[in-house]
Number of protein chains: 8
Amino acid sequence: MSGPVVGIVMGSDSDWPTMEPAARALDEFDVGWEAHVLSAHRTPRRMLEWAEGAAGRGLRVVVAGAGGAAHLPGMIAAATPLPVIGVPRALDRLDGLDSLLSIVQMPAGVPVATVSIGGGRNAGLLAVRILAASDEALRARVEEFQAALADSVVARDAQLQERLATAGE
Amino acid sequence: MSGPVVGIVMGSDSDWPTMEPAARALDEFDVGWEAHVLSAHRTPRRMLEWAEGAAGRGLRVVVAGAGGAAHLPGMIAAATPLPVIGVPRALDRLDGLDSLLSIVQMPAGVPVATVSIGGGRNAGLLAVRILAASDEALRARVEEFQAALADSVVARDAQLQERLATAGE
Amino acid sequence: MSGPVVGIVMGSDSDWPTMEPAARALDEFDVGWEAHVLSAHRTPRRMLEWAEGAAGRGLRVVVAGAGGAAHLPGMIAAATPLPVIGVPRALDRLDGLDSLLSIVQMPAGVPVATVSIGGGRNAGLLAVRILAASDEALRARVEEFQAALADSVVARDAQLQERLATAGE
Amino acid sequence: MSGPVVGIVMGSDSDWPTMEPAARALDEFDVGWEAHVLSAHRTPRRMLEWAEGAAGRGLRVVVAGAGGAAHLPGMIAAATPLPVIGVPRALDRLDGLDSLLSIVQMPAGVPVATVSIGGGRNAGLLAVRILAASDEALRARVEEFQAALADSVVARDAQLQERLATAGE
Amino acid sequence: MSGPVVGIVMGSDSDWPTMEPAARALDEFDVGWEAHVLSAHRTPRRMLEWAEGAAGRGLRVVVAGAGGAAHLPGMIAAATPLPVIGVPRALDRLDGLDSLLSIVQMPAGVPVATVSIGGGRNAGLLAVRILAASDEALRARVEEFQAALADSVVARDAQLQERLATAGE
Amino acid sequence: MSGPVVGIVMGSDSDWPTMEPAARALDEFDVGWEAHVLSAHRTPRRMLEWAEGAAGRGLRVVVAGAGGAAHLPGMIAAATPLPVIGVPRALDRLDGLDSLLSIVQMPAGVPVATVSIGGGRNAGLLAVRILAASDEALRARVEEFQAALADSVVARDAQLQERLATAGE
Amino acid sequence: MSGPVVGIVMGSDSDWPTMEPAARALDEFDVGWEAHVLSAHRTPRRMLEWAEGAAGRGLRVVVAGAGGAAHLPGMIAAATPLPVIGVPRALDRLDGLDSLLSIVQMPAGVPVATVSIGGGRNAGLLAVRILAASDEALRARVEEFQAALADSVVARDAQLQERLATAGE
Amino acid sequence: MSGPVVGIVMGSDSDWPTMEPAARALDEFDVGWEAHVLSAHRTPRRMLEWAEGAAGRGLRVVVAGAGGAAHLPGMIAAATPLPVIGVPRALDRLDGLDSLLSIVQMPAGVPVATVSIGGGRNAGLLAVRILAASDEALRARVEEFQAALADSVVARDAQLQERLATAGE
């Protein structure tokens, strides 16, 4: 794929460890991405402008991570027609419950596709599924990925059987 | 659009009032849909089979609603490569917090795009955005929809001004 | 006071019953106000523009109410140097806990002065206290208001004594 | 007892430290068990097949552990007539509240016998009680176990008295 | 079956509407039961005595419902070797979260099989599964029950299809 | 004072670090106490017997600590006419919210005087206040204690002033 | 008993329905009480003065009810050496969880004996137990009360047996 | 500015690390402040007196931090007409949820401007905004501060781009 099709945005570069797994998941499927530090609260205009131009620049999905009073995913969704995936990041307190509710409880009209607290990797995989909805080749790769997941579970079960057998159980 | 491209599934026909707004939102964008009662807990095999065949039958997005120990969205996501949107339905107790956590806290590998508690309409709109990610005409309609949303807010503001003026304030 | 000095904003005219007590509290202190329907999610640009111009138009405090993934107070605070008071509005579910956390948990740099769930009246009174911080006459009125509050408690105690005496207790 | 009568299943081998205490409790009562890695989300068909065959293979109770959007216990219960015991495993965030609600809040028709967060040992002991419901010899051993529990409390009280006496209190 | 094999206990006769569905579920499977008002807090000795004698009187499972600081299920479990099923009953406040935590979070050594908040029917069905663990005929009836559940879902789906077809959708 | 007048009970000797501050507070006021390991779940009869005999042995207040499904304070209160103070102990998960609700949400008729999570010291001080309700000399000591608390705050303020002055602020 | 020995205080006369059951419980034991509307937030000085004088006026226990940011019980406890019982009153939102935490989580040094949300009756009964700690005649009445509670449970059980027998069960 | 205009108060000197960022934020804007250890629970009279005199001594805003049953901000607000900013401090348990609710859920009539859990810095910045509401020069500095915040986000984005480019992505 030429050019980035997924935009990954976050309020601070300290969010990168939470969001990098999204980028890594996209890499596994050879889906191009770009990443930006964009703050709803510190750069509201720049954030809106980035979101308004996202579709025009060729992006097709946006992944946005934020914590606490997490407004970035919802504000991006307000300013683009693209599907926006929200990643709640847990801060030091409240285990991410504040972040989750701030992202998922959007009013009718402006949806955000929310994944689990700290679910950067799943955000990337959801972006792949969204792109694959109109791309059979990519969908085939998602199916391969799912088969590999299943295989790894089978392998782990085999390892457990071995461990239990060795332990004489 | 010919043939349904969005599958709407729910565990019981009593969920239809929660899910019908998703269908209505799709109708507004002339996106075809089908709806089914499918229970993860009462018809596990049938549910898996439906999910496994969804992509092959031409569906491109699935919207799944459930309440309490809400397993339907996650189980559907386990059995299809399509993007799955989860709608937490509040039961009589706990205000849907159980439903939300049961849907959104999926393990790495199997994402569910979760919307707000009772957010059937937003689930439909998110499905439209997902389809519009690869369909410029549909994306233009999403942008028109967003402009209309903005207009309605402006109109409501005008009404408020009138009401306040009338009240002599 | 000539011209409004407090701006009251809300995402929908359905929020007016929650916010009107703020206006009424300002009226009690003869503080001028204006009210607007402004949506962070449906009119992001208009909302930002309103906020950016607020100080220049003579406003000195903003009161913003919102529910669910409540982004309006924080986004207003991002675009004005004025103090912003946030009023969490409870939606049908979760009793306003989502609204409260979405408003109060702002990141360092962009504070929102949050009041109680549904605390429209206290938001108005807090705006008065803020204005009174630099206005001795207004502060004297706040003190009178506090004395009246105390008197009403004393009166209620007297009524309780009467009721208990009547009941022969 | 010949052949395993309790099946212990978990979504990942990383769950083994949570589930091993269940196995150890069964060992204390000489109840045979088998353990498997089975994922509702990564191996849905394999999981259903395992559950559907469980009773036929001689199992009489299933213990299933899972965390987050914890679907394994409920999905197993959907596919077997055996009693299923669910063990909520706490993930890094939310202290297991998500896991608990995802397991315990099952819809009418498909019960899961839920134990405490991280309660692997109690899951094993509950399995023993279930088997003992129709096995007087085993029930006598449960009673001995309960007597030993009581003795250990008495012994700890004696130690506390000694410690307090030594401290001159 | 001759003689009751399931004991249903509750702290007050006002709990009967919560617990009666357990009795009804047992009736569906022709499982004999008895029901008693027994309070951990108001009749502690009588409660302990009932529990200590339960197994000897032929009971094989106990179902105990309670709300708030819900101690009855745990205290019964402390005094009998039988499996005890706890039903959290929601009081006017907190939606049963207090009841759930008071029942499910038992210490190691004394398990309570907890079902959903208000889950009286599931408590009865779980008792049936426990009895069926050692009773093939009863297990066959559980399987029939599960098949009937599945059929009812299929029927509801058919009704939904009809309703949608009628609505011209 | 001769002989213990406060009984301190806990479910396990591992609770002693939580409960010892209660004993230390009683020591500060020369109030005699005894401490016991007594488990509602592992020694239900012994626990009841201890509680039933408490008043007769000269105890006048009981302090009971427990965690998780914390039944000890409520069960003691069920079996004695003495005032019972409950101390919620936080376990590894849920930060003591389960313990707090299990202790404080007692049904009408059987009160438990609940203190803060981990509030062993306050439990001891509350016992002193209860004894002082009918003992003027002890009440005078409580007043001295309160005066000393106030003095320590004043001293800390003085230290803060010094620190700030030194820092040139 | 001559003269009131229990003071019942509340922030507003609208709290009387929550607090009257405390008075009724005291009446059942012929314990004299007085009741006052006293607000920590609206009459802070008057509240402190009332509390400072309480012991001197012959009161021996204080019962204080409050809701939301419920400061009354803790502030009373700060200004009297008497034992203070706090009754969390649920407001329209949050089911009293805010009230409970605001009352029970007191810092070391200033305990409040907290009862259940809305537990006015238990507050009165706890006051009786506290007074009975040094009054054998009153303690005997508490024991009679406990016996009557037990009898009422036995009677309800008898009624349930009758109802079940009549229903042919 | 001559003389302190912001009073920073806290219940213990152990709160200073939470509150010092408020002082530092005021320093950045050359706003004078004073800080005091004042306890609502341990020095209620002294606390009230400080609050009653605050406005007369030239203070214009108060910042109050507290944890647990956090009564200091509300009690200060009860005794001064100045705007009071509350900072919830998280204790070892409950992540500050108790502190937040105890501060923010104030009754109508006595508002507290609440900031995020641990939000000392934002409390200082909010005090600056409040003072700037009537001080154009200070407001200009708030605007510069906001511009600098925006610049730092842009700089961090540039760094991220560099890092990604270096990584060959």
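- An unreviewed UniProt entry annotates chain A as N5-carboxyaminoimidazole ribonucleotide mutase of Klenkia soli.
- The UniProt entry for chain A carries the following text under Function (unreviewed entry): "Catalyzes the conversion of N5-carboxyaminoimidazole ribonucleotide (N5-CAIR) to 4-carboxy-5-aminoimidazole ribonucleotide (CAIR)."
- According to the UniProt record, the Catalytic activity (unreviewed entry) comment for chain A is "5-carboxyamino-1-(5-phospho-D-ribosyl)imidazole + H(+) = 5-amino-1-(5-phospho-D-ribosyl)imidazole-4-carboxylate".

### Section: the interface of chain E and chain G
Thought 1: Contacts between the two partners involve 17 residues from chain E, matched on the other side by 18 residues from chain G.
Thought 2: Here chain E packs against chain G, burying approximately 1,500 Å² in sum over the two surfaces, 60% of which is carbon and sulfur.
Thought 3: At the surface where chain E touches chain G, the tally comes to three salt bridges.
Thought 4: A salt bridge links Asp95(G) to Arg93(E), with the nearest nitrogen and oxygen atoms 3.9 Å apart.
Thought 5: One can count seven residue pairs in polar contact (both at pLDDT 80 or more) joining chain E with chain G.
Thought 6: When contributions to the side of chain E that touches chain G are tallied by element, the ones reaching two or more residues are α1 (16–28) and β2 (33–37) of chain E.
Thought 7: Per-element accounting of the side of chain E that touches chain G gives the leading share, four residues, to β2(E).
Thought 8: Taken together, the residues that form the side of chain E that touches chain G break down as seven nonpolar, four polar and six charged.

### As for the domain arrangement of chain A
Size of an interface, as often reported, equals the accessible area lost when the parts are brought together.
Residue and element names in this part refer to chain A.
Thought 1: We note that the domain assignment places domain 1 (6–134) and domain 2 (136–168) within chain A.
Thought 2: Here the C-alpha centre of domain 2 lies 30 Å away from the C-alpha centre of domain 1.
Thought 3: Each partner contributes residues to the interface: domain 1 has 12 residues there, and domain 2 has seven residues.
Thought 4: It is Phe29, Arg129 and Ala132 in domain 1 that bury the most area against domain 2; as a group they hold 60% of the surface buried on that side.
Thought 5: Here domain 1 is connected to domain 2 by one salt bridge.

### What to know about the interface of chain B and chain A
Thought 1: Taken together, the contact pairs 39 residues of chain B with 39 residues of chain A.
Thought 2: In this assembly, chain B packs against chain A so that about 3,200 Å² is buried in total across both faces, 61% of it on carbon and sulfur atoms.
Thought 3: Interface area lost by chain B to chain A is led by Pro81(B), Pro111(B) and Arg129(B), which between them contribute 21%.
Thought 4: Between the two partners, chain B and chain A, sit zero salt bridges.
Thought 5: At the boundary of chain B with chain A, the tally comes to 20 residue pairs in polar contact (both at pLDDT 80 or more).
Thought 6: Elements with a minimum of two residues in the side of chain B that touches chain A: α3 (72–78), α4 (97–104), β5 (113–114), α5 (120–132) and α6 (136–166) of chain B.
Thought 7: Split into classes, the residues belonging to the side of chain B that touches chain A amount to 26 nonpolar, eight polar and five charged.

What counts, and at which threshold
- Residues numbered from 1 in each chain as written.
- Chains lettered and ligands numbered in written order.
- Predicted model: local features only at pLDDT ≥ 70, side-chain atom pairs only at ≥ 80, totals over all residues.
- Heavy atoms only, no water.
- UniProt positions renumbered as here; feature names shortened; annotations may be inferred.
- Contact = heavy atoms within 4.5 Å.
- Buried area = accessible area lost by both parts, 1.4 Å probe.
- Salt bridge = Lys/Arg side-chain N within 4 Å of Asp/Glu carboxyl O.
- Polar contact = N/O pair within 3.5 Å; in protein donor to acceptor, adjacent residues only side chain to side chain.
- Helix = DSSP H or I, 4+ residues; strand = E, 2+ residues; numbered from the N terminus.
- Nonpolar A, V, L, I, M, F, W, Y, C, P; charged D, E, K, R; others polar.
- Domains from an automatic or database assignment.

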